Amino acid sequence: MIEIDEKDLHYWLEHVKIYANNGKVADYIPALANQQPEINATAFYPIGDKEVACAGQADYSFTIQSVSKVLTLALALIQHGEQAVFSRVGKEPSSDPFYSIQKLEVEKPSKPLNPMINAGALAVTNMIRGRGSEEMVEEILNLVRLLTDDPSIEYDEEVARSEFETAFLNRALSYFMKQNGIITGSVEELLDVYTKQCAITVNVKQLARIAAVFANDGKDPDTNQPLLPSHVARVCKTFMVTCGMYDASGTFAINVGIPAKSGVSGCIMGVIKESGGLAVFGPALDEQGNSVVGMHLLKDLADDKRWSIF
Ligand SMILES: NC(=O)CC[C@H](N)C(=O)O
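Residues numbered from 1 in each chain as written. Predicted model: local features only at pLDDT ≥ 70, side-chain atom pairs only at ≥ 80, totals over all residues. Heavy atoms only, no water.

**Here's the deal with the overall build of the protein**
So, point 1. Each helix and strand counted, the protein has 12 helices and nine strands in total.
So, point 2. Dimensions of the protein, computed from the C-alpha atoms along their principal axes, are close to 55 × 40 × 35 Å.
So, point 3. Counting every position in the protein, which comprises 310 residues, the buried fraction comes to 60%.
So, point 4. For the protein, the proportion of contacts with a sequence separation of at least 24, taken over those separated by at least 6, is 68%.
So, point 5. When the accessible area of the protein is evaluated, it comes to approximately 12,900 Å², of which 49% is carbon and sulfur surface.
So, point 6. Positive and negative side-chain charges of the protein, numbering 27 and 40 respectively, have mean locations separated by a distance of 6 Å. (Helix = DSSP H or I, 4+ residues; strand = E, 2+ residues; numbered from the N terminus. Buried < 20%, exposed > 50% of the residue type's maximum accessible area, 1.4 Å probe, protein only. Contact = heavy atoms within 4.5 Å. Areas by Shrake-Rupley, 256 points an atom, 1.4 Å probe, with all protein chains shown as cover. Lys, Arg positive; Asp, Glu negative; His and termini not counted. Charge placed at Lys NZ, Arg CZ, Asp CG, Glu CD.)

The structure is reproduced here in structure tokens:
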């Protein structure tokens, strides 16, 4: 069991916050361009009914963006099983940027390489049960409410609308996959669900709790009640290791060595085996779209606490 307390978090966040100057806030989603690069926060949610530790603006809410890809994958696996899900999406890293379209044309048969890139996540979201986009969004929100133990979790309407109005690349990916039978039904409805799942808002304490459920093999970190089947948690964690940090996943595995997932809002969740979940937020991003402050914080903490699973 690796102990981490508030003093650690304060110390390391103070140490790395200067790196925000080296990054840029995502602006391809207009509503995200308004984020303040100097905001930062981190939280550690321990397994075993102990207090969450945090530092920085820990009550600040942000949208989860690509972190939602792990959650919709978990939901699709629960609803349809591995065979059905992996008939539509692959299990291999792509080494391309998360929004890339090129491998969809090159791979034969054409199926997105993994569920952590946009194409794969869109294919997974397309599988979520529901009679329409509203019910599908509600299914996803209910999973996030379960994992955060907070029934008030919602999505940010302005961020969702802003992405929906400008998601030309995600529409292109979806139409390409519809042509190849990977996606069925209305692309506009799919984009409606996808942009809303990306716009679900949490703070670092809530995100750290989600990571803690994965660290506890799918069980509630406080009560040990099963929330996700352990094999689903295992598949999700494996994808976080191989593809969770986009085309920086290999470097991250060497430098930090834990399952993690980032989102372009500037959030990262990290899973520390049998210990707990760590979340960090800092909206200034590096070239690959990962939070600069988050990457430095995770690297320093992983070195200090010997977190690497390798
Ligand atoms: N990397 C991300 O966080 C991408 C999520 C974003 N909503 C998109 O599809 O572009």
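**A look at a negative patch on the surface**
So, point 1. Taken together, the side chains of Glu3, Asp5, Glu6 and Glu51 make up a negatively charged region of the molecular surface.
So, point 2. Checked against the element boundaries, glutamate 51 lands in the loop between strand S2 (41-46) and strand S3 (53-56).
So, point 3. For glutamate 51, a relative accessible area of 71% gives the class exposed. (Patch = residues over 30% accessible without salt bridge, like charges linked within 9 Å, V, L, I, M, F, W, Y side chains within 5 Å. Salt bridge = Lys/Arg side-chain N within 4 Å of Asp/Glu carboxyl O.)

**Here we look at the UniProt feature "binding site: substrate" (unreviewed entry) in the protein**
So, point 1. Residues annotated by UniProt as "binding site: substrate" (unreviewed entry) correspond here to Ser66, Asn118, Glu163, Asn170, Tyr194, Tyr246 and Val264. The annotated residues that sit in the lining of the second largest cavity are Ser66, Asn118, Glu163, Asn170, Tyr194 and Val264.
So, point 2. Here tyrosine 194 is to be found in helix H8 (residues 187-198).
So, point 3. Among the polar contacts made by the side chain of tyrosine 194, one reaches the side chain of asparagine 118 at a distance of 3.3 Å.
So, point 4. Note on placement: tyrosine 246 falls in the loop between helix H10 (230-243) and helix H11 (249-255).
So, point 5. For tyrosine 246, the contacting residues outside a window of four places in its chain are Ser66, Phe98, Lys261, Ser262, Gly263, Val264, Gln288, Gly289 and Asn290. (UniProt positions renumbered as here; feature names shortened; annotations may be inferred. 1 Å grid on protein atoms, 1.4 Å probe; cavity = no way out; pocket = protein on both sides within 12 Å on 5 of 7 lines; lining within 4 Å. Polar contact = N/O pair within 3.5 Å; in protein donor to acceptor, adjacent residues only side chain to side chain.)

**As for helix H6 (residues 157-166)**
So, point 1. Those residues of H6 lying buried are Val159, Ala160, Ser162 and Glu163. Along the long axis of H6, the arc covered by the buried residues comes to 165°, so they all point the same way. Of the residues in H6, the exposed ones pointing more than 90 degrees away from the buried face are Glu157 and Glu165.
So, point 2. Packing partners of the buried residues in H6 comprise strand S4 (62-63), helix H7 (168-179) and H8.
So, point 3. Looking at where H6 begins, the residue whose side-chain oxygen comes 2.9 Å from the main-chain nitrogen of glutamate 158 is aspartate 156. (Arc of directions from axis to C-beta.)

**Quick look at the layout of surface pockets**
So, point 1. Quantified by volume, the largest pocket comes out at close to 500 Å³.
So, point 2. Elements supplying a minimum of two residues to the lining of the largest pocket: strand S1 (24-25), H6 and H7.
So, point 3. Of all the elements, H7 adds the most residues to the lining of the largest pocket, at three residues.
So, point 4. When its residues are assigned to classes, the lining of the largest pocket shows 12 nonpolar, six polar and six charged.
So, point 5. No fewer than three residues from each of domain 1 (6-65 + 201-304) and domain 2 (67-198) sit in the lining of the largest pocket. (Points joined across faces, edges and corners; volume = space filled by probe spheres on them. Nonpolar A, V, L, I, M, F, W, Y, C, P; charged D, E, K, R; others polar. Domains from an automatic or database assignment.)

**As for empty space enclosed by the protein**
So, point 1. All told, the structure shown has two cavities of 30 Å³ or more when counted by the stated rule.
So, point 2. The calculated volume of the largest cavity comes to roughly 80 Å³.
So, point 3. For the largest cavity, the lining is made up of 14 residues, of which Ser100, Lys103, Leu104, Leu113 and Ile117 are closest to its centre.
So, point 4. Here the lining of the largest cavity takes three residues from helix H3 (residues 102-106), the largest share from any one element.

**A closer look at the pattern of salt bridges**
So, point 1. Inspection of every chain in the model, using the stated rule, returns 15 salt bridges.
So, point 2. Where glutamate 135 meets arginine 131, a salt bridge forms, and the shortest distance between an N and an O atom there is 2.8 Å.
So, point 3. Aspartate 217 is paired through a salt bridge with lysine 237; the nearest N and O atoms lie 2.8 Å apart. One end of the pair, aspartate 217, is in the loop between helix H9 (204-215) and H10; the other, lysine 237, is in helix H10, and 20 residues separate them in sequence.
So, point 4. For aspartate 217, a relative accessible area of 34% translates into the label partly exposed.
So, point 5. Judged by its relative accessible area of 13%, lysine 237 is buried.
So, point 6. Three or more residues joined by partner-sharing salt bridges are found here, namely Asp8, Asp304 and Lys305.

**Quick word on the pairing of strand S8 (residues 276-281)**
So, point 1. With six of six residues buried, S8 lies mostly within the body of the structure.
So, point 2. Here six bridges tie strand S7 (residues 267-272) to S8, and the two strands are oriented antiparallel to one another. By the bridge assignment, glycine 270 is partnered in S8 with leucine 278.
So, point 3. The turn linking S7 back onto S8 is made up of three residues, and glutamate 274 within it adopts a positive phi angle of 60°. (Pairing = 2+ DSSP bridges.)

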